[in-house]
Amino acid sequence: NGLYIKHWIDISNQNRTDIVEKIDDFYFGVFENVISKSNNLNTESPGWVVDRMSILCLKIYHMNEQVQRTDVNSEHLENCKNKLHTLNEQQKDLSLSFNELLENYKSGEKKMKVYRQMKMYNDSSLNPELYQKKDSWKYFASKIFCSWWCYLIKTNRRFFIRIIFKCNYLDCFQ
């Protein structure tokens, strides 16, 4: 069931966000007594940088598997080697930037501020899929409309693509 899978993904994402916030709490504790020399903030917290680095490590691991394959042609291997090189360069840059960020927090050049994620998909008081009763008229009508719209798009794909490309995006979707 698609809804079950979506719910599982939402829970997984919430767990990931919770871990990121714990990492941020740790670093906030490390740097909370540093007297800030400025009010310069960073757009990404240490926890989210660690999250990005972990994703990058997974990509490198799996791309390295591709480079080691013996059942593919040389073009595939060359393509994967180039991608692996790019991923390794990104990892090096991100690691250097992370170290620089921590040094900036330590020296007071940047001020650490923790922002909490306001994820709505697992909150039963905010997510309509969780708080609306399945037998309510509004819920039923929205499901019928979505099913109808999906059917129209599937059966008349060329027609809808032409309409979307001919319309001004702002006029059509405001």
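Please refer to the structure higher up on the page.
The structure contained in this document is the topic of the report that follows. Quick caveat, the model's predicted, so the values are computed rather than measured.

**Description of the packing of aromatic side chains**
Both the distance between ring centres and the angle between the ring planes are used here to describe each pair of aromatic rings.
Okay, so step 1: What the rule picks out here adds up to four aromatic pairs.
Okay, so step 2: On the basis of an interplanar angle of 75 degrees and a centroid distance of 5.2 Å, the ring pair of Phe 26 and Tyr 27 is categorised as edge-to-face.
Okay, so step 3: Under the relative-accessibility criterion, Tyr 27 is labelled buried at 17%.
Okay, so step 4: Ring geometry for Tyr 27 against Phe 31: centres 6.4 Å apart, planes inclined by 10 degrees, an arrangement best described as stacked. Of this pair, Tyr 27 and Phe 31 both sit in helix H1 (residues 2–31), four residues apart, roughly one helical turn. Both residues of the pair, Tyr 27 and Phe 31, count as buried.
Okay, so step 5: In this structure an aromatic cluster arises from ring pairing among Phe 26, Tyr 27, Phe 31, Phe 98 and Tyr 105.

**So, the side chain of Asp 24**
Okay, so step 1: Mapped onto the elements of the fold, Asp 24 is located in helix H1.
Okay, so step 2: Classification of Asp 24 by relative accessible area gives buried; the value is 1%.
Okay, so step 3: Polar side-chain contacts of Asp 24 include one of 2.6 Å to the backbone nitrogen of Gly 47.
Okay, so step 4: Among all residues touching Asp 24, those that are not within four sequence positions of it are Ser 45, Pro 46, Gly 47, Trp 48, Met 112 and Val 114.

Definitions and limits used
- Residues numbered from 1 in each chain as written.
- Predicted model: local features only at pLDDT ≥ 70, side-chain atom pairs only at ≥ 80, totals over all residues.
- Heavy atoms only, no water.
- Phe/Tyr/Trp six-rings, centres within 6.5 Å; stacked < 30°, edge-to-face > 60°.
- Buried < 20%, exposed > 50% of the residue type's maximum accessible area, 1.4 Å probe, protein only.
- Helix = DSSP H or I, 4+ residues; strand = E, 2+ residues; numbered from the N terminus.
- Polar contact = N/O pair within 3.5 Å; in protein donor to acceptor, adjacent residues only side chain to side chain.
- Contact = heavy atoms within 4.5 Å.

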